[in-house]
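Okay, here's what each chain looks like letter by letter:
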Amino acid sequence: MIKLNKLLISAFVLSASILTGCSNENTITVCASELPHAKILNEAIKPILKEKGYDLKVTVLDWTIQNSAVANDEYDANYFQHVPYLNTNNFEGDKELIAAAKVHYEKLCLYASDKDENKKLDNGETIEIVNDESNIERALLLLNSYDILTINESCYKEDGSFTFDTSNPNSCVTFLSGYENCSLTCILESNLCVSLNDYNFGVIPGNTALTGLGDDYASRIVLSEKATEETISERANIIAVKKSNKDSEKTKALVEACKDERVATYVSNTFGDSVLYHYEDLLAA
């Protein structure tokens, strides 16, 4: 009887391990920012993957640790960043990440704080911007496109790459007529929404605004990015995976699901002009 019980237990353990292995092979794990990333994954991409026999598991994770999480094999992919950010926050060797697909583009906008009832940028007002160099240039170009400031030559190295003194941002720009007494302050991205009411305005990345400003985020928009096709492609948010997993069936299935026209329709219907669907398959590149 004891031997029989042992055999039954062994058979049960073996069966469980086989089932678990099959489950893992058909489960795709992705860490993502809450909005719009996780929402797009759960509500648009997950049903498409289910049709293909995959179970998509989405975990909302702080964006500062998502690359490390994928590099350490805790998730199959992440979804929160654009290529310029990945290029400056990547790993080397067997932990290197690559962009597998571009999925959407978030418009960068200037948002008004609660204390600015007129929602119009005037002379002498304070503006917060992110302290991350990959997004600072984009924020300055937004303000430049509305003739609010110019970016000083000192912000560019001889090779044309952008550089910025986050501790003294006003030394890097020149405010134009009508805005001479405005000032910039660099703020950690995770604090931009919380600290917005300490300033008159804030240039805030799309996913941060969607998450931190609540349902009325659209009513606070004062100026929107005048994005070209080149900018949209460069700054589109990506599905990132480990380079070693580039050709895995899971990666291919996830990238293919993002291409489905139902994802485009969902993004347009859900987020309007704030988030633009922009797909590029980078595995085929």
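How each quantity is defined
- Residues numbered from 1 in each chain as written.
- Predicted model: local features only at pLDDT ≥ 70, side-chain atom pairs only at ≥ 80, totals over all residues.
- Heavy atoms only, no water.
- Helix = DSSP H or I, 4+ residues; strand = E, 2+ residues; numbered from the N terminus.
- Buried < 20%, exposed > 50% of the residue type's maximum accessible area, 1.4 Å probe, protein only.
- Polar contact = N/O pair within 3.5 Å; in protein donor to acceptor, adjacent residues only side chain to side chain.
- Phe/Tyr/Trp six-rings, centres within 6.5 Å; stacked < 30°, edge-to-face > 60°.
- 1 Å grid on protein atoms, 1.4 Å probe; cavity = no way out; pocket = protein on both sides within 12 Å on 5 of 7 lines; lining within 4 Å.
- Points joined across faces, edges and corners; volume = space filled by probe spheres on them.
- Nonpolar A, V, L, I, M, F, W, Y, C, P; charged D, E, K, R; others polar.
- Salt bridge = Lys/Arg side-chain N within 4 Å of Asp/Glu carboxyl O.

Overview of unusual backbone geometry
Following leucine 35, the chain continues into proline 36 via a peptide bond in cis, with omega recorded as -5°. Considering the arrangement of structural elements, one finds proline 36 in helix H2 (residues 34-51). In the Ramachandran plot, aspartate 73 falls in the positive-phi region, its phi being about 65° despite a non-glycine side chain. Given a relative accessible area of 54%, aspartate 73 falls into the exposed group. Although it is not a glycine, aspartate 147 sits at a positive phi angle of roughly 55°. As for its position among the elements, aspartate 147 is in the loop between helix H5 (133-145) and strand E7 (149-151). Classification of aspartate 147 by relative accessible area gives exposed; the value is 54%.

Structural notes on the side chain of histidine 37
By the element assignment, histidine 37 lies in helix H2. One polar contact links histidine 37 to glutamate 106, side chain to side chain, over a distance of 3.4 Å.

Considering the packing of aromatic side chains
Per the counting criterion, the structure on display carries five aromatic pairs. Taking 5.5 Å as the distance between ring centres and 70° as the angle between the ring planes, the aromatic pair formed by tyrosine 156 and phenylalanine 162 counts as edge-to-face. With a relative accessible area of 12%, phenylalanine 162 lands in the buried category. Taking the centre distance of 5.9 Å and the plane angle of 15° together, the rings of phenylalanine 162 and phenylalanine 164 count as stacked.

A look at empty space enclosed by the protein
This structure, assessed with the given rule, holds two cavities of 30 Å³ or more. As a volume, the largest cavity reaches approximately 200 Å³. Taken together, 16 residues form the lining of the largest cavity, with Phe80, His82, Asn135, Glu189 and Asn207 sitting closest to its centre. Listing elements by their share of the lining of the largest cavity, those giving two or more residues are strand E3 (77-82), H5 and helix H7 (206-212). Here the lining of the largest cavity is composed, by residue class, of five nonpolar, seven polar and four charged. When its volume is computed, the second largest cavity comes out at roughly 50 Å³. What lines the second largest cavity is simply Glu106, Lys107, Cys109, Tyr111, Gly206, Ala209, Leu210, Tyr217, Ile221, Ser274 and Val275. Elements supplying a minimum of two residues to the lining of the second largest cavity: strand E5 (109-112) and H7. The element contributing the most residues to the lining of the second largest cavity is H7, with three residues. Here the lining of the second largest cavity is built from residues that sort into seven nonpolar, two polar and two charged.

Details of the pattern of salt bridges
Taken as a whole and judged by the stated rule, the model has ten salt bridges. Note that lysine 102 is salt-bridged to glutamate 280, the shortest N-O span being 3.8 Å. Highlighted residues: lysine 102 in strand E4 (residues 97-106) and glutamate 280 in strand E13 (residues 275-281), separated in sequence by 178 residues. Sharing partners across several salt bridges, the network here consists of Glu51, Asp260 and Arg262.

Observations concerning the environment of asparagine 24
Examined against the element boundaries, asparagine 24 turns out to sit in helix H1 (residues 2-25). With 259 residues separating them along the chain, asparagine 24 and leucine 283 place their C-alpha atoms 23 Å apart.

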